[in-house]
There are 2 protein chains.
Amino acid sequence: MTTIKANSTIQENKSQAYVTCPVTFVMDKIGGYWKPIILFNLLGGVRRYSELKRAVPTITEKVLIQQLKQLESEGLITRKAKPTVPPHVTYELSKSGKALRPVLYAMAEWAVHNSGKLSKTFSRQMADFPLE
Amino acid sequence: MTTIKANSTIQENKSQAYVTCPVTFVMDKIGGYWKPIILFNLLGGVRRYSELKRAVPTITEKVLIQQLKQLESEGLITRKAKPTVPPHVTYELSKSGKALRPVLYAMAEWAVHNSGKLSKTFSRQMADFPLE
DNA sequence: ACAAGTACTTACCCTATAGTATGTATGACC
DNA sequence: GGTCATACATACTATAGGGTAAGTACTTGT
């Protein structure tokens, strides 16, 4: 599952920047390519694994769980599994995950006003921006 | 200068997600590890290359210019060079770069409230958050 | 008997990003 | 005439993230 090597120079640089820059702290948690997309989808409420897969069709299964595990270990989402067959697993934003709404919203707003030709597409999407 | 290979699968996935997700659009522009940190520093106003270097001491020169070039080509910052010796180069947020303030601010706010022991450090930093 | 669905896991490979180290042009200053 | 400072460039290496492909366990439906 792609274990992270401790004590690499990159990781040490990161942990140093952590302490000094709040923005960096955030980027380290949601900075992966797919993480914001997943979080965005979870803003709409509880989602099954398979629902997320359908909502983000271009992500591969490996990367999807990988990112979900990371988000879970960072405390941004919670996983609930019913021990049935076939399995039934749901993901949900945690308290701090829900607190990211203003961040994602600010991003989306920025995209609407600073994406040239895509602006119209994005502003249409904003109508669907989950309010709670 | 690390040219990006066009037509790789990764790039194609990205360009597809672009069109559907405003959050992804933003992440692609400021999603690099150092970009938000650089932008954060430029929120304070015009900065010389050497000032940025001192402000972000753990970044290497190679990566610093690399990121600056990318931010410039994305239209988030502007570069001005005086043809003197020694050279005098300054960087500044563009209009769309300045528009990122709410995004960075929302991130910093989230960090203050969701970083456990680091919260106090971050809230102290927030006092210095550049207002304009 | 067998295919389908769910939520994964594993093995292997490729690429973008980051780090290390060194080089460059030019004029000012000593 | 050698050093200093500025703002880079370049070559090489390392790592994290992402992609492809295949497999697993168990039950329900045909």
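As the structure is a prediction and not an experimental result, all values here were calculated from the model.

Cut-offs and rules
- Residues numbered from 1 in each chain as written.
- Chains lettered and ligands numbered in written order.
- Predicted model: local features only at pLDDT ≥ 70, side-chain atom pairs only at ≥ 80, totals over all residues.
- Heavy atoms only, no water.
- Pairing = 2+ DSSP bridges.
- Helix = DSSP H or I, 4+ residues; strand = E, 2+ residues; numbered from the N terminus.
- Contact = heavy atoms within 4.5 Å.
- Axes fitted to C-alpha atoms, helices over the stretch in contact; angles between N-to-C directions.
- Salt bridge = Lys/Arg side-chain N within 4 Å of Asp/Glu carboxyl O.
- Buried < 20%, exposed > 50% of the residue type's maximum accessible area, 1.4 Å probe, protein only.
- Parallel < 35°, antiparallel > 145°, perpendicular 65-115°, else oblique.
- Nonpolar A, V, L, I, M, F, W, Y, C, P; charged D, E, K, R; others polar.
- Least-squares fit on C-alpha atoms with pLDDT ≥ 70 in both.

Caption draft 1: Layout of the sheet that holds strand β2 (residues 77–82) of chain A. Residue and element names in this part refer to chain A. One open sheet holds the three strands; their spatial order is β1-β3-β2, and the pairing between them is antiparallel. Both edges of this open sheet fall to β1 (47–48) and β2, since each of them pairs with a single strand only. Relative to the sheet, helix α5 (residues 61–73) contacts β2 and β3 (88–93), its axis offset from that of β2 by approximately 115 degrees.

Caption draft 2: Local environment of the interface of chain B and chain A. Taken together, the contact pairs 43 residues of chain B with 43 residues of chain A. At the boundary of chain B and chain A, one finds zero salt bridges. The set of elements that each furnish at least two residues to the side of chain B that touches chain A consists of α1 (9–20), α2 (22–30), α3 (35–42), α7 (101–113) and α8 (119–126) of chain B. In terms of residue count, the dominant contributor to the side of chain B that touches chain A is α2(B) (nine residues).

Caption draft 3: Highlighting helix α3 (residues 35–42) of chain A. Counting buried positions along α3(A) yields eight of eight residues, so the element is predominantly enclosed. The complete set of buried residues in α3(A) reads Lys35(A), Pro36(A), Ile37(A), Ile38(A), Leu39(A), Phe40(A), Asn41(A) and Leu42(A).

Caption draft 4: Spotlight on the environment of Ile65(B). Residues and elements named next belong to chain B. Within the secondary structure, isoleucine 65 sits in helix α5 (residues 61–73). Using a relative accessible area of 35% as the deciding quantity, one classes isoleucine 65 as partly exposed. Distance from isoleucine 65 to lysine 53, taken between C-alpha atoms, is 9.8 Å for residues 12 residues apart in sequence.

Caption draft 5: Just the packing of helix α2 (residues 22–30) of chain A against α7(B), in detail. Their axes nearest at 8 Å, the elements α2(A) and α7(B) cross at an angle of 85 degrees. Viewed along their axes, α2(A) and α7(B) adopt a mutual orientation that is roughly perpendicular. Each of Pro22(A), Val23(A), Phe25(A), Val26(A), Met27(A) and Lys29(A) in α2(A) lies in contact with α7(B), whose residues at this interface are Leu104(B), Met107(B), Ala108(B), Trp110(B) and Ala111(B). Taken together, the residues of the contact of α2(A) with α7(B) break down into 10 nonpolar, no polar and one charged.

Caption draft 6: Structural context of the relation of the copies chain B and chain A. For the pair chain B and chain A, the superposition axis carries a translation of 0.0 Å, the fit reaches an RMSD of 0.0 Å, and the rotation angle comes to 180 degrees. With respect to symmetry, the two chain copies, as superposed, fit the operation of a two-fold axis. Taken together, the interface assignments show that 100% of the residues at the interface of chain B recur at the interface of chain A, consistent with an identical surface on both copies.

Caption draft 7: Up close: the sheet that holds strand β2 (residues 77–82) of chain B. Residue and element names in this part refer to chain B. The strand order across the open sheet built from three strands is β1-β3-β2, with neighbouring strands paired in antiparallel fashion. Each edge of the open sheet is held by one strand with a lone partner, namely β1 (47–48) and β2. Sheet topology places β1 next to strand β3 (residues 88–93); two bridges connect them, and they run antiparallel. By the bridge assignment, arginine 48 is partnered in β3 with threonine 90. Contacts between α3 and the sheet are confined to β1, β2 and β3, with β3 contributing the most and set at about 95 degrees to the helix.

Function-wise, these values are silent; they only describe arrangement.
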